[in-house]
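Residues per chain, in single letters:
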Amino acid sequence: MLPEDYTKFDITFKMIILGHHGVGKTCLTKQAIRNTFDEAYNSTIGFEFVNFNVKLDDKVVKLQIWDTCGQEIYRSLISGFYKNAALAVLVYAIDSKESFTNLDVWLKDIKLQSNPDIKIFLVGNKTDLEDQRVVNFEEAKKYANENDFDYVIETSAKTGFNAKEVFIQAAKVLYLEHLKYTNKANLSSTKYNLNTNAKIDK
């Protein structure tokens, strides 16, 4: 992982963080990037924008993270933020059944407003509140499988458990997808050149 203000990078991806209000989206992002946790942090209004930089192989991957608000009243403000997002992270809190049930609303928005090839991660936050758990991990994995999500994990923004892992895995998934697309494009280009340069026997 590289500093947030690192200026040299090879490729950039946009990702958006979504979920019910109070699930810890901003706290999770700040823990992953800055190793900080604020007990008194207030809910995000609109959105916040941060960067996560990580080196994979010999390439620097930059994630442009759009951290959105979760209140229903502000949902119309973030509808435009889905555009060009390569990956969406859906966050719920393991101590809130409502935040888990509410995932359907966010998933519907993703399917309506995002690129059909967008990658989707499911994150169950607040594992530090294990004694208050109402959503078990098996239930989350089932939901992820039913909706063809690309990754599912549990985290704690407070303790830092798996916080960085969410964004490292996001960078890996997007980078590998980029390589696959690039290789496919190069192969198609090679085939085209071979075809156009071929001699026609008469």
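Below or above, wherever it landed, is the structure these notes cover.

The rules behind the values
Residues numbered from 1 in each chain as written. Predicted model: local features only at pLDDT ≥ 70, side-chain atom pairs only at ≥ 80, totals over all residues. Heavy atoms only, no water. Helix = DSSP H or I, 4+ residues; strand = E, 2+ residues; numbered from the N terminus. Buried < 20%, exposed > 50% of the residue type's maximum accessible area, 1.4 Å probe, protein only. Contact = heavy atoms within 4.5 Å. 1 Å grid on protein atoms, 1.4 Å probe; cavity = no way out; pocket = protein on both sides within 12 Å on 5 of 7 lines; lining within 4 Å. Points joined across faces, edges and corners; volume = space filled by probe spheres on them. Nonpolar A, V, L, I, M, F, W, Y, C, P; charged D, E, K, R; others polar. Core = buried A, V, L, I, M, F, W, Y, C linked by side-chain atoms within 4.5 Å. Phe/Tyr/Trp six-rings, centres within 6.5 Å; stacked < 30°, edge-to-face > 60°.

All right, on to the side chain of Q169 then. Structurally, Q169 is set in helix α5 (residues 163-197). Look at Q169 and you get buried, because its relative accessible area is 17%. Sequence-distant contacts of Q169, that is, excluding residues within four places in its chain, are made with F121 and Y151.

We now examine empty space enclosed by the protein. Under the defined criterion, the tally for this structure stands at one cavity of 30 Å³ or more. Of the volumes computed, that of the largest cavity is approximately 60 Å³. What lines the largest cavity is T26, T29, K30, I33, R34, E48, V50 and D67. Contributions of two or more residues to the lining of the largest cavity are made by α1 (25-34) and β2 (47-56). Broken down by element, the residue count for the lining of the largest cavity peaks at five residues, all from α1. Within the lining of the largest cavity, the residues separate by chemical class into two nonpolar, two polar and four charged.

With that out of the way, let us pick up α1. What sets the pattern is the α-helix's 3.6 residues per turn: residues three or four places apart point alike. α1 sits mainly inside the fold: eight of its ten residues count as buried. For α1, the complete set of buried residues consists of K25, T26, C27, L28, T29, Q31, A32 and I33. Directly beyond the C-terminal end of α1, a positive phi value near 55 degrees is found at N35.

Counting 31 residues, the largest nonpolar core has M15, V61, L63, I65, V89 and F167 as its most contacted members. Within the residue set of this core, elements represented by two or more residues are β1 (11-19), α1, β2, β3 (59-68), β4 (87-93), β5 (119-125) and α5. With seven residues, the top contributor of residues to this core is α5. With 23 residues, the next largest nonpolar core counts F81, Y82, A88 and A140 among its residues.

Per the counting criterion, the structure on display carries six aromatic pairs. Measuring from ring centre to ring centre gives 5.6 Å for F52 and F167, while their planes differ by 35 degrees; the resulting arrangement is tilted. Here F167 lies in helix α5 and F52 lies in strand β2, a separation of 115 residues in the sequence. For F167, a relative accessible area of 1% translates into the label buried. Both rings, one in F121 and one in Y151, keep their centres 5.0 Å apart while their planes meet at 45 degrees; by these two values the pair is tilted. With a gap of 30 residues between them, F121 in strand β5 and Y151 in strand β6 (residues 151-154) connect regions that are remote in the sequence.

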